[in-house]
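# Notes for the structure review
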Amino acid sequence: MKRRIVLSVLAMWMFGCMYGQDTELSFNKDGKFKIVQFTDIHYKTGSESSVKTIQMMKRILDAEKPDLIVYTGDIITCNPQQQGWDEVLSVAAERSIPYAVVLGNHDDEHDWTRGQIFDYIAAMPYSLAQKGADDIKGTGNYVLKIAGNTKKTSALLYFFDSNAYSNVGEQEGYDWFGFDQINRYRKDSRYFTHANKGIPYPALAFFHIPLHEYTLLGDTTKNYVKNAPFFGVREEKECPGILNTGMFAAMVESGDVMGTFVGHDHDNDYIGYLNGICLAYGRCTGVESTYNKIGFGARVIELKENSRTFETWIRDQHDRLLYKAVYPDSFVAQEK
């Protein structure tokens, strides 16, 4: 019996470490938590475009004053990578803002592997980035908790590695979520829901490459979206991974994720709604560093404590606030 108790305590301690984080994220005294999403920076050290990008990022952070920055991939696309990461992440450190990172398909095409990138950035000041479990596909699958004013967990942020390029089968294209990643998400979601007495926490998910379900938002022929409103710009055909392995279905069934936020397609910045979940792009952040015809900026997301809702908008390079929307009210007809 004593041995069983010791093993149970050890298991609980290990599970606690699995979901631990060094810096506590929390809702402010007004019950709000703001996130700025930077994506597709395509940073090239020493270039004029990178200088403009850093200046714009600073303006956005100073205007929005977020509680967290999320970088959603294709951040550094040059050598030396260390210098690039130092310069990009310095805008957060200078303002004492915590940040999280997921990688895109271009981040590991230079000096460092995905693992080496996370080894470096996870140890930097204000970083909440984590390599995640070694026994599942990808690098950078992790969960962050947001505490409420009672110090108890009030919301969750999931981060997934959407991987890079397919190296299996005959199809060429972008990679996909592994079944082990999806199973781990299901396990995490069940754990947190059980800890919250069977009620799913409000949650958001961040990764780089869009899900296949993004392509359904513009297809009304089969009544997929039931004429739900659409906020933002779609100037580019979505480029998901070449296989759909069911991450969206897992999110719908788990009931915690309210919205997914990606990058990858630089001429999309829209947010739509499908099966109770918002599917959103950030605004491409890399000023003149890569292809773009819709402008540059960032997506802003603001959560409310103890509520399954969030407000979101784009702040562009001209400091305009565009495409404001509220989940779920902006997308679901309210009964009168």
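Predicted, not measured: the structure shown is a model, and the values here were computed from it.

Procedures and definitions
- Residues numbered from 1 in each chain as written.
- Predicted model: local features only at pLDDT ≥ 70, side-chain atom pairs only at ≥ 80, totals over all residues.
- Heavy atoms only, no water.
- Buried < 20%, exposed > 50% of the residue type's maximum accessible area, 1.4 Å probe, protein only.
- Helix = DSSP H or I, 4+ residues; strand = E, 2+ residues; numbered from the N terminus.
- Arc of directions from axis to C-beta.
- Contact = heavy atoms within 4.5 Å.
- Phe/Tyr/Trp six-rings, centres within 6.5 Å; stacked < 30°, edge-to-face > 60°.
- Pairing = 2+ DSSP bridges.
- Right-handed = clockwise from strand over helix to strand, strands pointing away.
- Axes fitted to C-alpha atoms, helices over the stretch in contact; angles between N-to-C directions.

The next subject is helix H4 (residues 114-121). Buried residues of H4: Arg114, Gly115, Ile117, Phe118 and Ile121, and no others. For H4, the buried positions fall inside an angular range of 160° around the axis, keeping them on one side. Residues of H4 that are buried make contact with helix H3 (81-93), strand S4 (99-102) and strand S5 (142-147).

Counted under the stated rule, the structure contains 24 aromatic pairs. Consider the rings of Phe159 and Phe206, whose centres lie 5.6 Å apart with planes at 15°: the pair is stacked. Of this pair, Phe159 sits in strand S6 (residues 153-159) while Phe206 sits in strand S7 (residues 203-206), and the two are 47 residues apart along the sequence. Both residues of the pair, Phe159 and Phe206, belong to the buried class. Each member of the aromatic cluster is reached from another via a ring pair, and the members are Tyr142, Phe159, Phe206, Phe231, Phe261, Tyr273, Phe310, Tyr327 and Phe331.

This brings us to the pairing of S7. The side-chain alternation of S7 yields two buried faces, one formed by Ala203 and Ala205 and the other by Leu204 and Phe206. Both S6 and S7 contribute to a ladder of four bridges, which runs parallel. Each residue of the ladder has a partner; that of Leu157, found in S7, is Leu204. What joins S6 to S7 is helix H5 (residues 179-195), and the crossover it makes is right-handed.

Across the sheet, seven strands lie side by side as S1-S5-S6-S7-S8-S10-S9; this open sheet has mixed pairing. Each of the sheet's edge strands pairs with one partner strand only, and the pair in question is strand S1 (25-26) and strand S9 (271-274). As judged from the four bridges shared by S9 and strand S10 (residues 277-281), these two strands associate in the antiparallel manner. Pairing of Leu274 across the sheet is with Ile277, part of S10. Those strands touched by H5 are S5, S6 and strand S8 (257-262), and its axis lies near 175° from that of S6.

Strand order in the open sheet formed by six strands is S4-S3-S2-S11-S12-S13, and the pairing between neighbours is mixed. Both outer strands of the open sheet, S4 and strand S13 (321-327), are each paired with one neighbouring strand and no more. Across the sheet, the mean angle separating the axes of adjacent strands is 20° when strand polarity is ignored. Lying over the sheet, H3 contacts strand S3 (68-72) and S4, oriented at roughly 150° with respect to S3.

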